[in-house]
Amino acid sequence: MFVLLKSSFFLLVSLGLFACSENKTETTNKTTKNPPLQQSPSQQPRSESVEQNVEAMLDKLSLEEKVSLVHASGKFHINAIERVGIPEMWLSDGPHGVRHQINRHDWASAGWTDDHSTYLPHLTSVAASWDPEMAILHGEVLGAEARDRKKDFILGPGVNLARLPLYGRNFEYMGEDPILAAKLVVPQIKAIQKNDVAATIKHYALNTQELNRTGVNAKPDERTLREVYLPAFEAAVKDANVLGMMGSYNEYYGTNANQSKHLVMDILKGEWGYQGVLLTDWNVDINTHDAAMYGLDLEMGTDVATYDDYFLAQPLLKEIQAGNIPVSVLDDKVRRILRVQYAIGMYDNNRLPGKRNTEEHQLAARKIAAEGIVLLKNNVVGVKNVLPLEQKSIKNILVLGPNANKKHGTGGGSSEVKSLYEITPLAGLKEQLGEEVNIQVMRARSSVLAPIASDYVASRHWTGTPAWNISYYKDQARKELLSESWIVDSKFKSLNSDNTDHITMKATIKPLKSGVHKLNVSAVGDFTLKIDGDEVVSFTSEDSTLLSHDIDLKAEQDYAFEITYDGNTTFTLGWDAPGNLFSDEAEYLAAAKAADAVIYFGGLSHGDDRESIDRPDMKLPNSQDEIISKLLNVNEKTIVFLVAGSAVEMPWADQANAIVWGWYGGMEAGHAFSDVLFGEVNPSGKMPITLPEKLTDTAPIALNDYNETESLYSEGVFIGYRWFEQQQIKPTFAFGHGLSYTNFEVSDIKLSNVSISSGDKLTVTAQVKNTGAVAGAEVVQLYLHDKVASVDRPTKELKGFDKVFLQPGESKSVSIELTERDLSFWDINTNDWLAESGEFEVQLATSSDNIKLRKSFNYTN
Ligand code: BGC
């Protein structure tokens, strides 16, 4: 058993493996390209010459040319001005890999064959590593690959906080804590930008739900805004000099966030002194005057007929010509675009060319995925802990669960990645175990009504997820369409029991095997199923009686399934497909009893965690809870391995003896999962989110602050674990929790001073010893408690952390520095940070609910 040592990451970075050249790639496919790289006008280092160059270029531009630079000229392009040698800029999603090439003027794929990229573990996994070196590695790969794809802005990382477990985009971000996100995003941005590409932190600000994401009005109080929702953006600006920032879709106090004077002019560009570009998300609700005057620099993706119709195109020119908007306002925006161009070397002949799909990048993906895996529970059963598995004692292993063989790269929305390959958990296990071990794979189902599996669904939602499209009509005649939506599974539950729903649900189904398929339907109401226009099943029922119908279908052929339902309850369409697709209870339980090891790869997929839609509840979909409980009843050593990007309820958690959380682990996920399951990597991840027992325990739901109109952020600064502590609610697993295959002792807390004054720093140190038999890593987390404060403050707030890698028996010291800002809250009376005199308690912990050492100091203002 060994752990991946920090030194190997350093080695990769210091050997320059992430920043050297190999400029093959896609220029052949492009219709327009960046103009040839030119010699920098000056031989000075870039940072010194940037401002001079910007001014010189600005002087050469006409008013119309300037306007052409502040709005899109393609889906992901900004105009070139050949007359003066300004190159076209290329942008691309996204946070965990460079997205495939999209058509210049529409959303379809450009059909390139050489636009694959390394699919990196999601940022949740970086956050779970609590390791800045993983953030650097992630950034190095993303930056180098973006450059190799000739991109100038890479649209990531994202740092909106996981306030609500249902939020569809939690999987793209860095967890629930502002300081954890801030401390990891800074090295990540620096690493991206070191590759001569602009990072674009998103979405500024307060994008914490997808429910009515373009209309919801975010109304946090000022203190909550400053202490919780802004610190990661602030750190990105002040400490990482981020060059791009994307505004969010939502409103902030009644105006779109992109044109909020307070968010943009007062805070971002005022107080923080941001010098980069603020660009819109794709198609936001803005207006020319406010957007121009309140700081928006670049408009992207607006859904209008021509690029001239963009708010910051002809309408802006007209406003300037009419004297309603000063030219200086436009100049400031153009300066920022040019500043990015010069800063990333677009005019230089020494701009780094990047590299892509290298073995080093794939290795990096594996390391990040492995370091983010969180061992939630690992009890002793018999004489030893369930994990790690001992390969030599396994002859027969049972693998179940919807994520066993699922790939996740091409789902989720704009963050999809077309990767060269993706190792599924099952593929990883097969490679690990080789030919001699019998790996039995089963699709367990709880009843014959398990909905048609999503790998049979060929129709797609725009986020890439297999989807059934639903149309809601006013009445049974289906002439007046009320709304449209989509779901992943062939089942429907009415949300409104008082009124009858009149829906039509359609999907393209592509069978995997030819033969007789037994369709099983249960519905309360009027139900009809047509396949390719022919009525196959039609009935009216007042209870959920099961009806079956056999039909011969051919493999690999598309069938148009159309369901019409008039009712106010529910229906499910399940099937038995040929080839023993499913295993029923008796079969999978017998196999689980007999196996040497049972692994259930459950969790979510991008049918649940996806852009534009929140999850309807916090439960594992499709009877997973029921199946897991049954497996645990027959085999107490069943390992529950969850792949998900946001919290799920785990009603079986007490019963389980081994639970692992693996995130969406990128193209090397399966290898990384096996590394941990078999002890080749000792897990060291810690949860960057709280795992609540139930949805109603979470603040937005408990406080009834989740709807499509407005978000009041009623819990204030008590986000995540701070709320659970305040309300004394025990979650299933706490923020910061994560076990190891070894044990650690944290001792000898020391503060550099017992008393400090305004402007001083305080250093907290402690010793960490690996007291177990194998190498491993521990994350020491520093929480601070302001003992007497004039405002309501959390009993603990994360302020820093240090991860140490230790051989058996080895001790090392951890060191975390506190500044005055760490002691402060946002004072609404002075509109500034305030550290109040008095006693502060330092809590050193290995999770938010496991404080190991405490020590107090005094602060004098
Ligand atoms: C997303 C952004 C993304 C953009 C471009 C939007 O739907 O919210 O995060 O960068 O699309 O694809």
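Above: the structure in question.
All residue numbers refer to positions counted from 1 along the written sequence of the respective chain. A pLDDT threshold of at least 70 governs which residues receive local features in this predicted model, and a stricter bar of 80 or more applies before side-chain atom pairs are shown or counted, although totals over entire chains, interfaces and linings include all residues. The side-chain quantities take in all heavy atoms of the structure and omit both hydrogens and water.

Draft legend 1. Here's a closer look at the environment of Val141. The residue Val141 is located in helix α5 (residues 132-148) in this model. Accessible area is worked out with a 1.4 Å probe on protein chains only. A residue is then buried under 20% of its type maximum, exposed over 50%, and partly exposed in between. Given the relative accessible area of 1%, Val141 is considered buried. Only DSSP runs of H or I reaching four residues or more are called helices, and only runs of E reaching two or more are called strands; each is numbered from the N terminus.

Draft legend 2. Up close: the sheet that holds strand β28 (residues 658-661). Spatial strand order, β11-β28-β27-β26-β14-β15: six strands in an open sheet with mixed pairing. The two strands at the open ends of the sheet, each matched to only one other strand, are β11 (374-378) and β15 (438-442). Neighbouring strand axes in the sheet, compared pairwise and without regard to direction, differ in orientation by 20 degrees on average. Inspection of the sheet shows β11 paired to β28 by four bridges, in the antiparallel sense. Paired with Asn378 across the strands is Ala658, a residue of β28. The strands that helix α14 (residues 425-433) touches are β14 (396-400), β15 and β26 (597-603); relative to β15, the one it contacts most, it runs at about 165 degrees. In short, DSSP must find at least two bridges between two strands for them to pair. Angular values range over 0 to 180 degrees, each being the angle between N-to-C directions of two axes fitted as lines to C-alpha atoms, with helices fitted over their stretch in contact. In this analysis, two residues are considered to be in contact whenever any of their non-hydrogen atoms come within 4.5 Å of each other.

Draft legend 3. Empty space enclosed by the protein, seen in detail. Cavities and pockets were defined on a 1 Å grid built over protein atoms only: a cavity is a set of grid points that admits a 1.4 Å probe from which the probe cannot escape, a pocket is an open set flanked by protein on both sides within 12 Å along at least five of seven lines, and lining residues are those with an atom within 4 Å of any such point. Grid points are joined across faces, edges and corners, and a volume is the space filled by probe spheres set on the points. For the structure shown, the criterion picks out six cavities of 30 Å³ or more. The volume enclosed by the largest cavity comes to roughly 160 Å³. Lining the largest cavity are 21 residues, and of these Ala162, Arg163, Pro165, Glu176 and Gly720 sit closest to its centre. Gly falls in the polar group here, along with every residue not listed as nonpolar (Ala, Val, Leu, Ile, Met, Phe, Trp, Tyr, Cys, Pro) or charged (Asp, Glu, Lys, Arg). Residue composition of the lining of the largest cavity, grouped by class: 12 nonpolar, six polar and three charged.

Draft legend 4. Layout of the nonpolar core. Side-chain atoms within 4.5 Å link the members of a nonpolar core, which is a set of buried Ala, Val, Leu, Ile, Met, Phe, Trp, Tyr and Cys residues. By size, the foremost hydrophobic cluster in this structure holds 195 residues, and its most contacted members are Tyr204, Met245, Met650, Trp652 and Trp661. The element best represented in this core is helix α6 (residues 178-193), accounting for eight residues. Beyond its immediate chain neighbours, meaning those up to four positions away, Trp661 contacts Gly372, Ile373, Val374, Leu376, Leu642, Ala644, Ser646, Ala647, Val648, Met650, Met687 and Leu691. Met505, Ile509, Leu529 and Ile531 belong to the second-largest nonpolar core, a separate cluster that totals 32 residues.

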